[in-house]
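# Architecture and fold: a report
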Amino acid sequence: MTSAAAEQRVTQAAITPAAITPATWAVAATAGLSGLLIGYDTAVIAPALGFLTAEFGIGPAMQGIVVASVLLGGLVGSILAGAAARRWGRRPVLIATATLFLLAAPGAATAWRLELLLAWRIVLGLAVGAATTIAPLHVGETAPARWRGGLVSGIQLAITIGILLSYLAGTAFAPAGNWRAMFLIAALPAALMLAGLLLVPESPRWLWQHGRAEAAAIAWRRVAGDAPMPVIEAADPDSGGWRPLFGPRIRRALVLALALFAFANLSGIDAILYYAPTIFEQVGFGGSLGPLLATVGIGVVNVAATLWATWLIDRVGRRPLLLGGMLPMTLSLLVLAAALALDPASAWAQQVAVACLGVFVVGFAVSLGPLPYVVMAEIFPLPVRAAGMGLASATAWAVNVVVSATFLPLVGALGLAGAFGLYGAISAGAILFVLLMVPETNGRPLELIEANLARGCRMRDLGQLDPIHGPRPTGIGG
């Protein structure tokens, strides 16, 4: 196919509407279940940690290890899943991921020694890391461009729902001290995810890349109906390893994806979600259920704000939503730090702390919560997409491990005020990075973004139809 014909096909894909088919909904639903499991299995440690401490007699350092065990598994799982999805496909890796979720939930629930619990939590982490990488990859490669942002960010919505469900489970089982039940009930969504994955198609883009043109066309019709299939350049499947990611052009996309995930986790969101009961106890919430109930309130706010972001993301665009959420998020952290530094024991400081945590969660939920997943699913070329997303997700989990393992020591050294002040300063730097680097990719075909990256366009211009002379595309399509 000539270059002109290829450009015409990409342009046609940019202006041809594609509906959401039942197969696309099925892919999004199974990805949503994976997101629910990510949220639940990472956050359930918050209500369970006190009971684990009492049963196994663990101190502050070991508490950090128990929290970080899933996160460490997530780091490894992200890297392994990216390589496996490139070689064997997106769907088989997701099936293996669901199987790990299904096995690890009862495994953790029945552990009678701390070492066994840690082992099963690491297995859960492998599944969490794989899901973080491959679920948005699968959705991004099967969703119509018009709805891609909302469907990918639906995974983050499901993560917040999973976090909220973990808090509710903690509240329900806390009176009996039944941490085992908190872990066990995650087996139900894992079973549903596994059953759903048996019905969804493989990514047509992966099939085409691996020379299976007929299977790719069938899969494309399932996910896109009658919409024209975009131009997908033939490539050697073995050319998508780690080395091309560090070439001069693709390296820019890698830096962008890694930085967004690093900034998201360095904002302190993980410390707030995983140690929420401890934080609320320190700012004055008393009783055995007071901190847990306040934590549930934060979980409700997180879900509501992420639902709002899912509705906005394909209407407002990536850049405005990122900047519109990060500004109040950063200000709330700095105000919270100031209030806690001035008079942490006063009633007004407690009220300011609760308000700031709520504003922070809303700002994060509409910006650095869903959008790193969306952007990383859009900016990598097809041959290295799985590897690039795997490395980006691994960065997220690596920073997550550091933040979660160091939060309590950081609070011990700097106090809550100092810790949140540090997170606020980092978030201010993230705003500048987004202004300079993040492109607007709303409604753009993946192949258009890939072509602009290949021709050396600035990162901010990757979503433009003609980054030098022409107007931006206004249409929609696959």
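Thresholds, definitions, all that
- Residues numbered from 1 in each chain as written.
- Predicted model: local features only at pLDDT ≥ 70, side-chain atom pairs only at ≥ 80, totals over all residues.
- Heavy atoms only, no water.
- Helix = DSSP H or I, 4+ residues; strand = E, 2+ residues; numbered from the N terminus.
- Buried < 20%, exposed > 50% of the residue type's maximum accessible area, 1.4 Å probe, protein only.
- Contact = heavy atoms within 4.5 Å.
- Areas by Shrake-Rupley, 256 points an atom, 1.4 Å probe, with all protein chains shown as cover.
- pLDDT = per-residue confidence, 0-100.
- Expected span 1.5 Å × (residues − 1).
- Bend = angle between axes of the 7 residues up to and from the residue.
- Axes fitted to C-alpha atoms, helices over the stretch in contact; angles between N-to-C directions.
- Parallel < 35°, antiparallel > 145°, perpendicular 65-115°, else oblique.
- Nonpolar A, V, L, I, M, F, W, Y, C, P; charged D, E, K, R; others polar.
- Phe/Tyr/Trp six-rings, centres within 6.5 Å; stacked < 30°, edge-to-face > 60°.
- 1 Å grid on protein atoms, 1.4 Å probe; cavity = no way out; pocket = protein on both sides within 12 Å on 5 of 7 lines; lining within 4 Å.
- Points joined across faces, edges and corners; volume = space filled by probe spheres on them.
- Salt bridge = Lys/Arg side-chain N within 4 Å of Asp/Glu carboxyl O.
- Core = buried A, V, L, I, M, F, W, Y, C linked by side-chain atoms within 4.5 Å.

### Some remarks on the overall build of the chain
Across its full length, the chain holds 20 helices and 0 strands. Taking all 478 residues of the chain together, 60% fall into the buried category. Within the chain, contacts between residues at least 6 apart in sequence are counted, and of these 82% link residues at least 24 apart. For the chain, the accessible area works out to roughly 17,400 Å², and carbon and sulfur atoms hold 69% of it.

### Notes on the confidence of the model for the chain
On average, the chain scores 84 in pLDDT, and the residues at 70 or more come to 86%. Predicted confidence is poor over residues 467-478, with pLDDT under 50, and the contacts of this stretch with residues over four places away or in other chains come to 45 contacts.

### Digging into helix α6 (residues 114-142)
For α6, which comprises 29 residues, the first-to-last C-alpha distance of 42 Å matches the rise-based estimate of 42 Å (1.5 Å per residue) to within 8%. Maximal helix bending in α6 amounts to about 30°, located at A131. For α6, a buried count of 22 out of 29 residues is recorded, marking the element as mostly surrounded by other parts of the structure.

### A look at the packing of helix α4 (residues 60-88) against helix α19 (residues 382-437)
Where α4 contacts α19, the two axes come as close as 7 Å, and the packing angle between them is 175°. Judged by the angle between their axes, α4 and α19 are roughly antiparallel. Packed against α4, whose contacting residues are Q63, V67, A68, L71, L72, G74, L75, S78, I79, G82, A85 and R86, the element α19 presents P383, A386, A387, G390, S393, A394, W397, A398, N400, V401, S404 and L408 at the interface. Split by residue class, the contact of α4 with α19 holds 15 nonpolar, 8 polar and 1 charged.

### Points about helix α9 (residues 187-197)
Among the residues of α9, A187, P189, A190, M193, G196 and L197 are the ones counted as buried. Structurally, α9 contributes buried residues whose contacts are with α2 (22-43), α5 (90-109) and α8 (179-184).

### Structural notes on the packing of aromatic side chains
Centre distance and the angle of the planes are the two values used to describe a pair of aromatic rings. Taken as a whole and judged by the stated rule, the model has 6 aromatic pairs. Among the aromatic residues, those joined into a cluster by ring pairs are F56, W179 and F183.

### Considerations on the environment of M62
Counting through the fold element by element, M62 comes out in helix α4. Along the primary structure M62 and A405 are separated by 343 residues, whereas in three dimensions their C-alpha atoms are 9.5 Å apart. When sequence neighbours within four positions are dropped, the list of residues in contact with M62 reads L114 and L118.

### Some points on empty space enclosed by the protein
One pass over the structure, following the stated rule, counts 1 cavity of 30 Å³ or more. In this structure, the largest cavity encloses a volume near 300 Å³. What lines the largest cavity is a set of 22 residues, among which Q156, N265, D270, Y373 and N400 lie closest to the centre. Put simply, the parts of the chain that give the lining of the largest cavity at least two residues each are α2, α7 (148-173), α12 (250-266), α13 (269-274), α18 (371-379) and α19. Among the residues forming the lining of the largest cavity, the class breakdown is 14 nonpolar, 7 polar and 1 charged.

### A short note on the pattern of salt bridges
With the rule as written, the count across this model stands at 10 salt bridges. The shortest N-O distance in the salt bridge between R148 and E378 comes to 2.9 Å. Highlighted residues: R148 in helix α7 and E378 in helix α18, separated in sequence by 230 residues. E378 gets classed as buried once you look at its relative accessible area, which sits at 1%. The partner of E378 in a salt bridge is R318, with the nearest N and O atoms 2.5 Å apart. With E378 in helix α18 and R318 in helix α16 (residues 318-342), the pair connects residues that are 60 residues apart, well separated along the chain. Each member of the pair, E378 as well as R318, is classed as buried. When salt bridges with common partners are traced through the structure, they connect R90, E141, R385 and E450 into a single cluster.

### Structural notes on the environment of A219
Locating A219 in the fold gives a position in helix α11 (residues 213-224). Measuring from C-alpha to C-alpha, the distance between A219 and E202 comes to 6.7 Å, with 17 residues separating the pair along the chain. If we skip the residues at most four places from it in the chain, A219 touches P201, E202, P204 and L207.

### Notes on the side chain of T24
Within the element layout of this structure, T24 appears in helix α2. Excluding its chain neighbours within four sequence positions, the residues that come into contact with T24 are T142, A143, P144, L151 and V223.

### A word on the nonpolar core
If you look at the biggest cluster of nonpolar residues, it comprises 135 residues, and the most contacted ones within it are L52, F101, L117, F183, F380 and F420. Core analysis: the second largest hydrophobic core is formed by 10 residues, W206, L207, A219 and V223 among them.

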